[in-house]
Amino acid sequence: MTGSIDPVLLVASLMVASTPILLAALGELVAERSGVLNLGVEGMMITGAVVGFIAAASSGSVWLGFGAAVLGGAALALVFGVLTQVLLSNQVATGLALTLFGLGLASLLGQGWVGIKGPGLARVDLGPLSDLPVVGRVLFSHDPVVYLSLLLVLLVWAFLRLTRAGLILRAVGESAEAAHALGYPVRAVRLAAIAFGGACAGLGGAYLSLVRVPQWTDGLTAGAGWIALAIVVFASWRPGRALVGAYLFGGITVLQLNLQAAGARIPVELLSASPYLVTILVLVVISRRRERGGDAPADLARPFHASA
Amino acid sequence: MIRLERRPSPSRAWAAASPVVAVLLTLVAGGLMFAALGKDPVAAIRAIFWEPVFGEFAWYFRGQLLVKAAPLVLIAVGLSLGFRAGIWNIGAEGQYIVGAIVGAALGLAFYPSDSPLIFPLMVAGGALGGFLWGMIPALLKVRFGTSEILVSLMLVYVAENLLASAAVSWLRNPDAVGFPGSRNLARWDASANPELIAGTGAHWGVVAAVAAVIAAYALLAKHQLGFHVRLAGAAPRAARFAGVSPGRLTVFCLGTSGALAGLAGLFEVTGPAGQISIDFATGYGFTAIIVAFLGRLHPVGILLAGLLMALTYVGGDNAATNLGLPVAAISAFQGMLLFFLLAVDVLTHFRVRMGRAGPVREQPAPGVGEPAE
């Protein structure tokens, strides 16, 4: 590879690079559709990353690692849930606290695990499909979690769009007062959505430490959780568009890494900053397009207290 | 069954008491965390909170306390203005970095002059750098309605890359062969930000922090702009009818907090840190968020909260050296403190009632001796 970039490899690695953000964004999307703004995604992701890595490295099973990360992310999310839903704390402040706490906790737990190699994750063997030229490499040569994330896009879409439970969740997000008056358990619905968001963020974090990187280093997530939050806005709170957003972002990340490796005549720091710059640019374009009203759930980030 | 019942107006007693209760709860939970890590919890708490102030080496630690508290207070005072008005500047860390870079670059442009104008020029540059970095999310919010939370945060990562590029290329010390990092500003008399009173740790940043506290207090208590800030946070619709322009308020809050964070960065790079280096950013911008909340978004409260948070840094270092407690434990500890504060705050706005909803009974002093039915 002398200064050239292989487009097939680029697209294939794009899918891997996008998966953690996609997972976290899907989880946050569900939470936000229920009217909860959880800014703690970064904290839940990095906790998932460290918990997943420790569980996988000490047990030798990647799947045990992913399981532990899901539970770890959900547990941390429930701290946020209890604070904001039961104790009615400010969602913005609590989310920030969750991120700060998660970052500290992760680096605390991760001490002594730096530089250790975790168990790998085998690709799914799709037989003849994987042997197809180009398409086989791009689409049919990934690990199971990549496919799981794609399946999750479909499931979240179907849940929100086609099921009664999804309808209730959306109702709670649009007007908690009205949903409460109709007898729906606002608090329980939101707690469940928050826990789901945490589980997804944890899974996404573990994908970073177990597949993408794959090892534990301090500050491993490097803002991935915040990007996931930006992608939810980009996606106008729709799962299909979250997929587009995450892959767009993953594409830029992979492209700039390839440019760095290929020795492009652009400063490395500018390339490293480009995913964040592009995120800002995309946010501007999106916000401009929806200047009136917008697609955000009407009760987003508003506390709800059923006063008798 | 435990219920929450909204108070007619927030309890002043609880607003003042909740930081204290939160600190106590954090001590208990932190002790449990330390115990889980296999450390003696009492020794750890003692090392963090007692020894730096009253222990054998307190003379050393007390100086460190002001060094750490100054940037936290300076940044938190700025952030609190925005937080009060519902404008969430989460990117103070980036503004801190850019302030340091701009100020340092301005000074280094005149190296090795010994003009007394250089330091004031650098101070202005630091404030300007932070201000401009804060203007990006402000103007994008005003013009396009972009979330200032996400934009200011993304800019932290951009600033970190800017810092790396300054440290390894365009601000690199030409005399230090091969090493990244700028000239040592603390050792160049024209740019140095030295200790003003020997042994106290007080440098110009401490002076600026105290001035910021006083200015913010005067602004909020006496000035119309301060009233607008408070009104916009408490009742956004009423604020609009009262003629408060949300756009101008956004620019003011993000600009002020950016400038103060930039100042903090400049005082840090010319004093305690000494140079622009890749690891210059230490998270003051994020910790200041906790300081702002712990200080009840009130200037005087922030001053106290900044000192307390500085104590966790200084004491954390002490515990790391003497007990082998990981330094990371401190940021988990700080995050926990914010959790407890937010949790206890429920008592400021709500009464805890036992039993089912019924006729309201007379209560003793708010929050004290809740009757068990």
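Residues numbered from 1 in each chain as written. Chains lettered and ligands numbered in written order. Predicted model: local features only at pLDDT ≥ 70, side-chain atom pairs only at ≥ 80, totals over all residues. Heavy atoms only, no water.

## Considerations on the layout of surface pockets
Computed from the structure, the second largest pocket encloses a volume of approximately 1,400 Å³. As for the second largest pocket, its lining consists of 49 residues, of which Glu93(B), Ala281(B), Thr282(B), Gly283(B) and Phe286(B) are closest to the centre. The dominant element in the lining of the second largest pocket, judged by the number of residues it contributes, is helix α4 (residues 91-110) of chain A, at six residues. Tallied by class, residues from the lining of the second largest pocket come to 25 nonpolar, 16 polar and eight charged. (1 Å grid on protein atoms, 1.4 Å probe; cavity = no way out; pocket = protein on both sides within 12 Å on 5 of 7 lines; lining within 4 Å. Points joined across faces, edges and corners; volume = space filled by probe spheres on them. Helix = DSSP H or I, 4+ residues; strand = E, 2+ residues; numbered from the N terminus. Nonpolar A, V, L, I, M, F, W, Y, C, P; charged D, E, K, R; others polar.)

## Description of the interface of chain A and chain B
Facing the 43 residues of chain A at the interface are 41 residues of chain B. Across the contact surface, chain A and chain B share zero salt bridges. Within the residue set of the side of chain A that touches chain B, elements represented by two or more residues are α3 (62-86), α4, α11 (224-234) and α13 (268-289) of chain A. If you tally residues by element for the side of chain A that touches chain B, the top one is α4(A), at 12 residues. (Contact = heavy atoms within 4.5 Å. Salt bridge = Lys/Arg side-chain N within 4 Å of Asp/Glu carboxyl O.)

## Details of the packing of aromatic side chains
Given two aromatic rings, their pairing is described by the distance between the two centres and the angle made by the two planes. Following the criterion strictly, the structure yields 14 aromatic pairs over all chains and no others. For the pair Phe101(A) and Phe339(B), a centre-to-centre distance of 5.2 Å together with 65° between the ring planes defines the contact as edge-to-face. Here Phe101(A), found in helix α4, pairs with Phe339(B), found in helix α13 (residues 328-344), and the two come from separate chains. As far as the burial class goes, Phe101(A) and Phe339(B) line up, both buried. Between Tyr111(B) and Trp188(B) the ring centres are 5.0 Å apart and the planes differ by 75°, which places this aromatic pair in the edge-to-face class. Of this pair, Tyr111(B) sits in the loop between α4 (92-108) and α5 (118-144) while Trp188(B) is found in the loop between α6 (148-170) and α7 (204-222), placing the two residues 77 residues apart along the sequence. For Trp188(B), a relative accessible area of 10% corresponds to the buried category. One aromatic cluster in this structure is built from Tyr96(B), Phe280(B), Tyr284(B) and Tyr313(B). Here the guanidinium or amino end of Lys68(B) rests over the ring plane of Tyr313(B), the centre of that ring lying 6.0 Å away. For the cation-ring pair, Arg183(B) lies above Tyr111(B), with the distance from its terminal atom to the ring centre recorded as 3.8 Å. (Phe/Tyr/Trp six-rings, centres within 6.5 Å; stacked < 30°, edge-to-face > 60°. Buried < 20%, exposed > 50% of the residue type's maximum accessible area, 1.4 Å probe, protein only. Lys NZ or Arg CZ within 6 Å of the ring centre and 35° of its normal.)

## Observations regarding unusual backbone geometry
Residue Pro112(B) follows Tyr111(B) across a cis peptide bond; omega there is 0°. Residue placement: Pro112(B) occurs in the loop between α4 and α5. Look at Leu88(A): it is not a glycine, yet its phi comes out positive at around 55°. In this structure, Leu88(A) sits in the loop between α3 and α4. With a relative accessible area of 15%, Leu88(A) lands in the buried category. In this structure, Leu297(B) is a non-glycine residue whose phi angle is positive, near 55°. Tracing the backbone shows Leu297(B) in the loop between α11 (284-294) and α12 (299-323).

## Observations regarding the pattern of salt bridges
All names here are of chain B. Taken as a whole and assessed by the stated rule, the structure comprises three salt bridges over all chains. Across the pair Lys141 and Glu148 runs a salt bridge, and its minimum N-O distance is 3.1 Å. Under the relative-accessibility criterion, Lys141 is labelled partly exposed at 27%. Taking the shortest distance from any N to any O, the salt bridge between Asp345 and Arg296 comes out at 2.9 Å. In this pair, Asp345 is assigned in the loop between α13 and α14 (346-349) and Arg296 in the loop between α11 and α12, connecting sequence segments 49 residues apart. Relative accessible area serves as the criterion here: at 17%, Asp345 is assigned to the buried category.

## Structural notes on the packing of helix α3 (residues 58-85) of chain B against α11(B)
Residue and element names in this part refer to chain B. Where α3 meets α11, the axes come as close as 8 Å, and the angle between the chain directions of the two elements is 65°. When the axes of α3 and α11 are compared, the crossing they make is right-handed. On the side of α3, the interface is formed by Lys68, Pro71, Leu72, Ile75, Ala76, Leu79, Ser80 and Phe83, while α11 contributes Tyr284, Gly285, Thr287, Ala288, Ile289, Val291, Ala292 and Phe293. (Axes fitted to C-alpha atoms, helices over the stretch in contact; angles between N-to-C directions. Left-handed = near helix turned anticlockwise from the far one by under 90°.)

## Description of empty space enclosed by the protein
Over the atoms rolls a probe the size of a water molecule, and in doing so it shows where empty space is left. This model, assessed by the stated rule, comprises two cavities of 30 Å³ or more. A volume near 110 Å³ is recorded for the largest cavity. Ile227(A), Ala230(A), Ile231(A), Phe234(A), Gly245(A), Leu248(A), Phe249(A), Ile252(A), Val278(A), Thr279(A), Val282(A) and Leu283(A) are the residues that line the largest cavity. When contributions to the lining of the largest cavity are tallied by element, the ones reaching two or more residues are α11, α12 (239-261) and α13 of chain A. A breakdown of the residues in the lining of the largest cavity according to their chemical character gives 10 nonpolar, two polar and no charged. Forming the walls of the second largest cavity are Val23(B), Thr26(B), Leu27(B), Phe49(B), Leu308(B), Thr312(B), Phe333(B) and Leu337(B). Mapped onto the lining of the second largest cavity, the elements with two or more residues apiece are α1 (12-36), α12 and α13 of chain B. With three residues, the top contributor of residues to the lining of the second largest cavity is α1(B). Considered class by class, the residues forming the lining of the second largest cavity number six nonpolar, two polar and no charged.

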